[in-house]
Amino acid sequence: MRDRDRNSASYRLKLLGVLLAADEVEEACAEMGAVLDTCGGISSPRLLDKMRAFRQAAGRLDSATAQECTARIRETA
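Residues numbered from 1 in each chain as written. Predicted model: local features only at pLDDT ≥ 70, side-chain atom pairs only at ≥ 80, totals over all residues. Heavy atoms only, no water.

Colleague: Please set out the packing of helix H1 (residues 3-21) against helix H3 (residues 45-59) residue by residue, giving values where relevant.
Modeller: At a minimum axis separation of 10 Å, H1 and H3 run at an interaxial angle of 20°. Between H1 and H3, the angle is such that the two are roughly parallel. Crossing hand, H1 versus H3: left-handed. Of H3, the residues touching H1 (which contributes Arg6, Ala9, Ser10, Leu13, Lys14, Leu16 and Leu20) are Leu47, Lys50, Met51, Phe54, Ala57 and Ala58. A class-by-class count of the residues in the contact of H1 with H3 yields nine nonpolar, one polar and three charged. (Axes fitted to C-alpha atoms, helices over the stretch in contact; angles between N-to-C directions. Helix = DSSP H or I, 4+ residues; strand = E, 2+ residues; numbered from the N terminus. Parallel < 35°, antiparallel > 145°, perpendicular 65-115°, else oblique. Left-handed = near helix turned anticlockwise from the far one by under 90°. Contact = heavy atoms within 4.5 Å. Nonpolar A, V, L, I, M, F, W, Y, C, P; charged D, E, K, R; others polar.)

Colleague: Would you mind going over unusual backbone geometry in detail, with residue names and values included?
Modeller: Unusually for a residue other than glycine, Asp23 sits at a positive phi of about 65°. In this fold, Asp23 is placed in the loop between H1 and helix H2 (25-38). Judged by relative accessible area, Asp23 falls into the exposed class, the value being 59%. (Buried < 20%, exposed > 50% of the residue type's maximum accessible area, 1.4 Å probe, protein only.)

Colleague: Could you give an account of the pattern of salt bridges, with specific residues and numbers?
Modeller: A full pass over the atoms with the stated rule returns three salt bridges. Two residues, Asp37 and Arg72, come together in a salt bridge whose shortest N-O distance is 2.4 Å. With a gap of 35 residues between them, Asp37 in helix H2 and Arg72 in helix H4 (residues 64-76) connect regions that are remote in the sequence. As a salt-bridge pair, Arg52 and Asp49 come within 3.0 Å of each other at their nearest N and O atoms. Note that Arg52 and Asp49 are positioned in helix H3 at a spacing of three residues, about one turn of the helix. (Salt bridge = Lys/Arg side-chain N within 4 Å of Asp/Glu carboxyl O.)

Okay, structure coming up:
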């Protein structure tokens, strides 16, 4: 993964936490989908930790979109 892609993913993952905190689940999951689409083969431990943290937070939500998103994270990362 190029530095630019890794930095973009990092900023997007920070945004995801803000979106979840604002109860914008659909938008957060859409952003996560974009991260997963563009950042295949993520090997950065920090990015993977951020993705796991999002997966855990989204997994606690009562939302079909969030559950689908967490499943995709599990499959991809």
